[in-house]
Amino acid sequence: EDEHHIEILQENLEEEMGHYDEETLRECENAGIPRESIEGVPHRQLFTELIDFVETSLQRSYSKFIPSYICEKLNDATEYATSQGRLGLLAALYFGSELIVPQIYSSILQGLRNSMQITNADAKFLLLHIDMDADHALALREIIMENCRTKADRLTLVNCANRLLDGRVAFYDSLVRYTSLDPMIHGRESAVRAHYD
């Protein structure tokens, strides 16, 4: 209802859809990310391009074969938050995404850089979110504060945030367990250990 809050959310949405200001595009170009590779390209597509790059580099395909149970708890938490209306949606956007994504994606990016040759252009999805979501979180905090004036509202936000963060943890734990079953990964680890033994 607040026009300033609507403006914040609209800017967030526009960036998710690949619409950036000129300063951001120049910063990306300076970092080795061609503007034509991100301008007007939705972040969902950038994510798909990153997955394709990683799978091609590893000569392995995971995304099409990951069992549904890996995402089950996170999907349930997101569905629950959505059912709680405005407060649940804010919890999902702020606590479940913008606030934590820069740290999570920074770790993922470091892992990729340690394990393969990946350029800034290849990692543009991660780099954009590491930079932008930190700014988004600061802006969204104002909206959160304005929407948790009562104890009931705060409890709803905390409950949704707790479920969402538990869902994130369950997702990554399940993903690690799933990939640990991959014999190719174990083969590479054994080869590395044998090399240094």
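Provided above is the structure to which this section pertains.
Structure report, in brief.

With that settled, consider the environment of arginine 60. Within the secondary structure layout, arginine 60 lies in the loop between helix H3 (43-58) and helix H4 (69-83). In the structure, arginine 60 is positioned 45 residues away from glutamate 15 in sequence and 31 Å away in space, judged by C-alpha atoms.

The next subject is the packing of aromatic side chains. Scanning the model with the defined rule gives four aromatic pairs in all. Of the aromatic side chains, those joined through ring pairs into one cluster are Phe47, Tyr105 and Phe125. Taking the ring centre of tyrosine 80 as reference, the NZ or CZ of arginine 163 above it sits at 3.7 Å.

The subject of this paragraph is a negative patch on the surface. Taken together, Glu7, Glu11, Glu14, Asp21, Glu23, Glu27, Asp131 and Asp135 make up a surface patch of like negative charges. Broken down by secondary-structure element, the contributors of at least two residues to the negative patch are helix H1 (3-16), helix H2 (22-30) and helix H7 (124-146). As for its placement among the helices and strands, aspartate 21 is situated in the loop between H1 and H2. Residue classification places aspartate 21 among the partly exposed residues on the basis of a relative accessible area of 43%.

Quick notes on the rules
Residues numbered from 1 in each chain as written. Predicted model: local features only at pLDDT ≥ 70, side-chain atom pairs only at ≥ 80, totals over all residues. Heavy atoms only, no water. Helix = DSSP H or I, 4+ residues; strand = E, 2+ residues; numbered from the N terminus. Phe/Tyr/Trp six-rings, centres within 6.5 Å; stacked < 30°, edge-to-face > 60°. Lys NZ or Arg CZ within 6 Å of the ring centre and 35° of its normal. Patch = residues over 30% accessible without salt bridge, like charges linked within 9 Å, V, L, I, M, F, W, Y side chains within 5 Å. Areas by Shrake-Rupley, 256 points an atom, 1.4 Å probe, with all protein chains shown as cover. Salt bridge = Lys/Arg side-chain N within 4 Å of Asp/Glu carboxyl O. Lys, Arg positive; Asp, Glu negative; His and termini not counted. Charge placed at Lys NZ, Arg CZ, Asp CG, Glu CD. Buried < 20%, exposed > 50% of the residue type's maximum accessible area, 1.4 Å probe, protein only.

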